[in-house]
Every structure is written in structure tokens, then in C-alpha cells.
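Coordinates in review
Here is what each chain is made of, one letter per residue.
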Amino acid sequence: MSGSLYWLRVASRLRGPTLLWGVRPLSQAPAGDGSASGGGEGGHGSREAVERLVRAHPVVVFMKGNPAQPLCGFSNAVVQILRLHGVQDYQAYDVLQDPDLRQGIKNYSNWPTIPQVYLNGEFVGGCDILLQMHQNGDLVEELKKLGIRSALLDAEKDQDKK
């Protein structure tokens, strides 16, 4: 079984406390968005700041850790699903680096868990929903709406040639 599929299966079954490894910062908020001021009205956790982050890129992921080093199985599964589809250009925010952002994104989406995935500014869901969309083909269609061709389409085409 390939590593990616293994982690997708593990993440879909994982229920319990997550283990944390060394945390390192991911990316900062996009330059000029005014959200780097910390707490309070303009901080990362404010509704306005979260909205700017969500809308700053077509694909946005709020996760524990970063794409190179996810710090929980669910965040890793989201990264692996995006990787399987060939989505490399996305903005990821490590909520472990900013408690205000961690709570702010939960309040913004009215969704209690991390990771959270946004496509074109719209909340899609977390790991379980993204996995379901991957399995039933909906993710291919949603990516297509963003102008992103899923790598799985090319993989299927290559299989048909054999």
C-alpha cells in the first residue's frame, strides 16, 4: 500500500488524542492584510482578519503544523489528498502558532475541529468531508471550478492507455 493511501486510511479511522512533534512556523498572513497585529480587533482571530485569510487564495487550509510537517493525522490526510490531486499551490496556516487564529477560524466557520479547508472563500469542511469528496469524485469537480485540473484525471488517462 502506498504511503499516501496508508495515511488516508489511518486518518479516516483515527479517533483519539493526537501526538505533537516539534512545531515550526508555517507562513505568515499575506503581506499588507493588516492581520499581523496580534490580538484584539485587528488580530488573526477577528472575523475580519479570518475572512481576509480565507479569501486570500483559491485554496486555503487551516491545519496543525504545515504541509511539509503536519502535526496530526487529520491535517496530514488533507495534505495527502491535495497532493494526490496535484494541488501544490495553496495557502496553509498553522493554527498551533496562533491561539487567536485557532479559535477565530472555529468561530468563523462554526466548525469545532481543525483542519479546515476553504475553496474560493467557501468552507468545504475538514478531513472527513474532504476524504469523502475525494472518494466520490466531487473534489475533482470542485477543483475544476477553480481552474485546477486534478492529477488523478491524468493518472486515469495513463491507466486507460495501458
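Residues numbered from 1 in each chain as written. Predicted model: local features only at pLDDT ≥ 70, side-chain atom pairs only at ≥ 80, totals over all residues. Heavy atoms only, no water.

If you look the protein up in an unreviewed UniProt entry, it shows as Glutaredoxin-related protein 5, mitochondrial from Pelusios castaneus.

**Structural notes on the environment of Val54**
What counts here: A helix here means a DSSP run of H or I that spans at least four residues, while a strand means a run of E at least two residues long, and both kinds are numbered starting from the N terminus. The contact definition used throughout considers only heavy atoms, calling two residues in contact when any of these lie within 4.5 Å.
One can find Val54 in helix α2 (residues 47-55). Separated by 64 residues in the primary sequence, Val54 and Tyr118 have C-alpha atoms spaced 6.6 Å apart. Not counting residues within four places of it along the chain, the set of residues in contact with Val54 comprises Val60, Phe62, Ile105, Tyr108, Tyr118 and Gly121.

**Some words on the packing of helix α5 (residues 127-136) against helix α6 (residues 138-145)**
To describe two helices that pack against each other, one gives the angle between their axes and the distance between the axes. The condition is simple: Where helices are involved, their axes are fitted lines through C-alpha atoms of the stretch in contact, as for all axes, and angles between N-to-C directions lie from 0 to 180°. Relative orientations are named as follows: roughly parallel for angles under 35 degrees, roughly antiparallel for angles over 145 degrees, roughly perpendicular for angles from 65 to 115 degrees, and oblique for any other angle. Under the scheme applied, nonpolar residues are Ala, Val, Leu, Ile, Met, Phe, Trp, Tyr, Cys and Pro; charged residues are Asp, Glu, Lys and Arg; polar residues are all the others, including Gly.
In contact at an axis separation of 5 Å, α5 and α6 are set at 95 degrees when each is read in the N-to-C sense. Taken together, the axes of α5 and α6 are roughly perpendicular relative to one another. Side by side, α5 and α6 meet where Leu130, Met133, His134 and Asn136 of the first sit next to Asp138, Leu139 and Glu142 of the second. When grouped by side-chain class, the residues that make up the contact of α5 with α6 number 3 nonpolar, 2 polar and 2 charged.

**Quick notes on the packing of aromatic side chains**
What counts, and what does not: When the centres of two rings from Phe, Tyr and Trp lie within 6.5 Å, Trp using its six-membered ring, the rings pair. Their planes under 30 degrees apart give stacked, over 60 give edge-to-face, and anything left gives tilted. Relative accessibility under 20% of the residue-type maximum defines a buried residue, over 50% an exposed one, and the middle range a partly exposed one, all with a 1.4 Å probe and only protein chains included.
Considering all chains together, one arrives at 5 aromatic pairs under this definition. Pairing Tyr108 with Tyr118 gives two aromatic rings, centres 6.2 Å apart and planes at 50 degrees, and the pair type is tilted. One end of the pair, Tyr108, is in helix α4 (residues 99-109); the other, Tyr118, is in strand β5 (residues 116-119), and 10 residues separate them in sequence. Among the residues examined, Tyr108 registers a relative accessible area of 15% and is labelled buried.

**Regarding unusual backbone geometry**
Look at the link from Ile114 to Pro115: it is a cis peptide, with omega at 10 degrees. Take Pro115: it is sitting in the loop between α4 and β5. The residue Asn120 is not glycine, and still its phi comes out positive at about 55 degrees. Here Asn120 shows up in the loop between β5 and β6 (122-125).

**Quick look at the pairing of strand β1 (residues 59-63)**
The test is simple: Strand pairing is assigned whenever DSSP detects at least two bridges linking the two strands.
Of all 5 residues that make up β1, 5 are buried, and the element is covered over most of its length. Here β1 shows a buried face lined by Val59, Val61 and Met63 and a second buried face lined by Val60 and Phe62. Pairing between β1 and β5: 4 bridges, direction antiparallel. Looking at the pairing, Val60 lines up with Tyr118 of β5. The pairing of β1 with strand β4 (residues 91-94) spans 4 bridges and is classified as parallel. The residue bridging Val61 from the neighbouring strand is Ala92, located in β4.

**Focus: the environment of Ala77**
Relative to the helices and strands, Ala77 resides in helix α3 (residues 73-84). Assessed through its relative accessible area of 1%, Ala77 is described here as buried. Between the C-alpha atoms of Ala77 and Leu131, which are 54 residues apart in sequence, the distance is 8.0 Å.

**A look at the sheet that holds β1**
In space, the 4 strands of this open sheet follow the order β4-β1-β5-β6, with mixed pairing throughout. Each end of this open sheet is capped by a strand with a single partner; those strands are β4 and β6. In this sheet, neighbouring strand axes are inclined to one another by 25 degrees on average, regardless of whether the strands run parallel or antiparallel. In the packing of α4 onto the sheet, the strands contacted are β1, β4, β5 and β6, and the crossing angle to β5 comes to about 60 degrees.

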